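One-letter residues, chain by chain:
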Amino acid sequence: MRTLHQVASGGRVVIASLHQPSHDMFLALDTALLMSHGRVLFQGRPADAEAWFRGRGLPCPAGTAMAEHLLKVASNPADIQALLLERGGQGADSAALLRLEDGGVQVEGGCAREGIPDDGASPSDTASASPSAADSPPLGGGGNMDSAAEDRSPDRVAAAWTPVAAAAATHKPGKVGRSAFGMSATPGPEPRPAPRRPGFARQLAVMTWRTAIDILRNPTLLRLHLGIGLLMGVVTGLVFWQLDDSNVGVQNRMGGTFFALAFLAFTSLTTVDLLINERAVVAREVRGGYYRPSAYLLSKLTLDAIFLRAIPAILYWAPFYYMAGFRGGAAYQATYLFILVTFSCAVGALSMAVTVASNTAGEASFGMNFIILFSIMFTGFLVNVSSIPAYLRWIHYLSVFFYAFEAMITNEMTGRTFTFMASGYAQIEGINGNTYLTTLGFDAGATTRDIGVLVGLYAGFTLLCLVLMQARMPHSRPRIKNIMRRLSLHR
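Not measured: the values here are computed from a predicted model.

Rules used throughout
Residues numbered from 1 in each chain as written. Predicted model: local features only at pLDDT ≥ 70, side-chain atom pairs only at ≥ 80, totals over all residues. Heavy atoms only, no water. Phe/Tyr/Trp six-rings, centres within 6.5 Å; stacked < 30°, edge-to-face > 60°. Helix = DSSP H or I, 4+ residues; strand = E, 2+ residues; numbered from the N terminus. Buried < 20%, exposed > 50% of the residue type's maximum accessible area, 1.4 Å probe, protein only. Lys NZ or Arg CZ within 6 Å of the ring centre and 35° of its normal. Patch = residues over 30% accessible without salt bridge, like charges linked within 9 Å, V, L, I, M, F, W, Y side chains within 5 Å. Areas by Shrake-Rupley, 256 points an atom, 1.4 Å probe, with all protein chains shown as cover. Salt bridge = Lys/Arg side-chain N within 4 Å of Asp/Glu carboxyl O. 1 Å grid on protein atoms, 1.4 Å probe; cavity = no way out; pocket = protein on both sides within 12 Å on 5 of 7 lines; lining within 4 Å. Points joined across faces, edges and corners; volume = space filled by probe spheres on them. Polar contact = N/O pair within 3.5 Å; in protein donor to acceptor, adjacent residues only side chain to side chain. Contact = heavy atoms within 4.5 Å. pLDDT = per-residue confidence, 0-100. Axes fitted to C-alpha atoms, helices over the stretch in contact; angles between N-to-C directions. Left-handed = near helix turned anticlockwise from the far one by under 90°. Nonpolar A, V, L, I, M, F, W, Y, C, P; charged D, E, K, R; others polar. Pairing = 2+ DSSP bridges.

**Section: the packing of aromatic side chains**
To describe a pair of aromatic rings, one takes the distance between the centres and the angle between the planes.
Then comes step 1: One pass over the full model with this rule turns up 22 aromatic pairs.
Then comes step 2: Arranged with centres 6.0 Å apart and planes meeting at 65°, the rings of Phe381 and Phe405 form a pair that is edge-to-face. Here Phe381, found in the loop between α19 (361-377) and α20 (390-393), pairs with Phe405, found in helix α21 (residues 400-413); they are 24 residues apart in sequence, far enough to count as distant.
Then comes step 3: Residue Phe381 is classed as partly exposed on the basis of its relative accessible area of 30%.
Then comes step 4: The class of Phe405 is buried, set by a relative accessible area of 0%.
Then comes step 5: In this structure an aromatic cluster arises from ring pairing among Phe240, Phe263, Tyr316, Trp317, Phe320, Tyr321, Tyr322, Phe326 and Tyr336.
Then comes step 6: The ring of Tyr332 has Arg327 lying over it, and the distance from NZ or CZ to the ring centre is 3.9 Å.

**Overview of a nonpolar patch on the surface**
Then comes step 1: Taken together, the side chains of Leu224, Ile228, Leu231, Val235 and Val239 define a hydrophobic patch exposed on the protein surface, amounting to about 440 Å² of accessible area.
Then comes step 2: With respect to the element layout, Ile228 can be found in helix α13 (residues 220-239).

**Details of the layout of surface pockets**
Then comes step 1: What the second largest pocket holds in volume is close to 870 Å³.
Then comes step 2: For the lining of the second largest pocket, the secondary-structure elements that each account for two or more residues are α1 (2-9), β1 (32-36) and α4 (66-75).
Then comes step 3: In terms of residue count, β1 provides more of the lining of the second largest pocket than any other element does, four residues in total.

**With respect to the side chain of Lys300**
Then comes step 1: Tracing the sequence through the fold places Lys300 in helix α17 (residues 293-324).
Then comes step 2: Polar side-chain contacts of Lys300 include one of 3.1 Å to the side chain of Glu278.
Then comes step 3: In this structure, Lys300 is in contact with Thr211, Leu274, Leu275, Glu278 and Met352, ignoring residues within four places of it in sequence.

**Some details on the confidence of the model for the protein chain**
Then comes step 1: Averaged over all residues, the pLDDT of the protein chain is 78; the fraction at 70 or higher stands at 74%.
Then comes step 2: When mean pLDDT is compared element by element in the protein chain, helix α18 (residues 330-357) scores highest at 96, while strand β7 (residues 177-179) scores lowest at 36.
Then comes step 3: In the model, residues 89-188 has pLDDT below 50 throughout and makes 160 contacts with residues more than four positions away in sequence or in other chains.

**Structural notes on the packing of helix α14 (residues 247-267) against α21**
Then comes step 1: α21 packs onto α14 with a crossing angle of 145° between their chain directions and a minimal axis gap of 10 Å. Crossing angle aside, the handedness with which α14 passes α21 is right-handed. The residues of α21 that touch α14, namely those facing Val250, Arg253, Met254, Thr257, Phe258, Leu261, Ala262 and Ala265, are Phe401, Ala404, Phe405, Met408, Ile409, Glu412 and Met413.
Then comes step 2: Of the residues in the contact of α14 with α21, the class split is 12 nonpolar, one polar and two charged.

**What about the environment of Thr447?**
Then comes step 1: Of note, Thr447 is situated in helix α23 (residues 447-472).
Then comes step 2: The exposure class assigned to Thr447 is buried, which follows from its relative accessible area of 17%.
Then comes step 3: Between the alpha carbons of Thr447 and Thr335 there is a distance of 9.5 Å; along the sequence they are 112 residues apart.
Then comes step 4: Those residues within four positions of Thr447 in sequence are excluded, and the remaining contacts are Ala407, Thr410 and Asn411.

**Side note on the side chain of Arg309**
Then comes step 1: On the secondary structure map, Arg309 appears in helix α17.
Then comes step 2: A polar contact is formed between the side chain of Arg309 and the backbone oxygen of Thr267, at a distance of 3.3 Å.

**Focus on the pattern of salt bridges**
Then comes step 1: For the structure on display, the rule yields 12 salt bridges.
Then comes step 2: One salt bridge in this structure joins Asp245 and Arg416, with 3.0 Å as the shortest N-O distance. One end of the pair, Asp245, is in the loop between α13 and α14; the other, Arg416, is in the loop between α21 and β9 (417-420), and 171 residues separate them in sequence.
Then comes step 3: Looking at Asp245, the relative accessible area reads 36%, which means it is partly exposed.

**Focus: unusual backbone geometry**
Then comes step 1: Here Gln242, not a glycine, exhibits a phi torsion of approximately 45°, which is positive.
Then comes step 2: Among the secondary structure elements, Gln242 is positioned in the loop between α13 and α14.

**Some points on the pairing of β1**
Then comes step 1: A one-sided burial pattern is seen for β1, the buried positions being Ala32, Leu34 and Ser36 and the unburied ones Leu33 and Met35.
Then comes step 2: The turn joining β1 and strand β2 (residues 39-44), which pair antiparallel and follow one another in sequence, is formed by two residues; a positive phi near 55° is taken by His37.

**What to know about the environment of Arg202**
Then comes step 1: Among the secondary structure elements, Arg202 is positioned in helix α12 (residues 200-217).
Then comes step 2: A sequence separation of 93 residues divides Arg202 from Ala295, and the C-alpha atoms of the two residues are 9.1 Å apart.

So this is what it looks like as structure tokens:
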């Protein structure tokens, strides 16, 4: 409640629907609104509620919380009728306007029961009830909605919002109109136009802000990604400490790079819980027309890529690269880091796409684990790609691991010389790095091409994720209504 007060103090209106709030929570509200059957029974400061109901013969019993007493009043037909009649004045005509039947409020004269129009009532039947409604004074003494807005007392505000009061105050003989509560003999106020849904840019900005606030309020996952990323960077830096230029150094360079990619790939599985846990809420909000599925998903993809993919990858790279003694030079260092970050973001987008396509967290986790392990097989580290049978060799082109690994290892070894050492044999110096790469099945000149493909895969996974989200999410109600209306017109 304190958080809601802080939000409200920033110039926003906060409406909360509470079920049996505690005494302290009830008093912490600025305004309490009690409704029953679509009618306002009380609206005012919570601190004034006890005296207000006591003055109307409905005192709060000792030992009963005021909020609980309000719910009992709103659930008791006799109390509802007494409050509505008390607000409607003491005349017999106004008292005849209301009666309780079968536990629901019904407006006499063919108006409405529980907000449902009486389609069987003719205009003459409806108009026959209008004289009594027009002759009776408005409920609570209010003349119209404008005057009620000037007086903010609980009686006047509640009376102004009572449908019978609105009908009596705005009645014009001889005209029949349809109000929000059904058929009535009054034209009623002109309906307000439906609010326009914010544009896509506004939706994206709000959803990004909401997602960022959620990350900051629940920072456990973010801290794990950052902490574990930095810790593993230090550990792997110690394991592959200061690589030399021998054939052992070549093997360790490949092993360290392979482990870095595998580590970042498996940490991408945290997207599963992020999306699955919010799916029901997002489906309800999208169905209600609050925002588009693409706005929600783009905000998730953007912040996930920044906070959970890019920053942890940088924290991993910083100690690992320099402790292991990888290639010096700003261009080589930046290239290695760019490939690592792009790979992490691409696998994160792929994980989101798999999660969106899955019905449960178990399905998403199993599917993503299978994809990662299958891609690892065709990285080029575990098996020489050129030795794979031709009818299966093409699969390595589908592996995001292959492009990242080949780009990183060619960036590290192209143009360098290494020494081959084997026990019992003469040492061979000056072996070109390109020779090593070709022998291991890699293309020494494919660095730029692999980076381009990796960026394209990231864009493709993002697009796939958006398409799946749009296909699986329910459409908003206004859109469905428009489609049904068009179908009916074609008929």
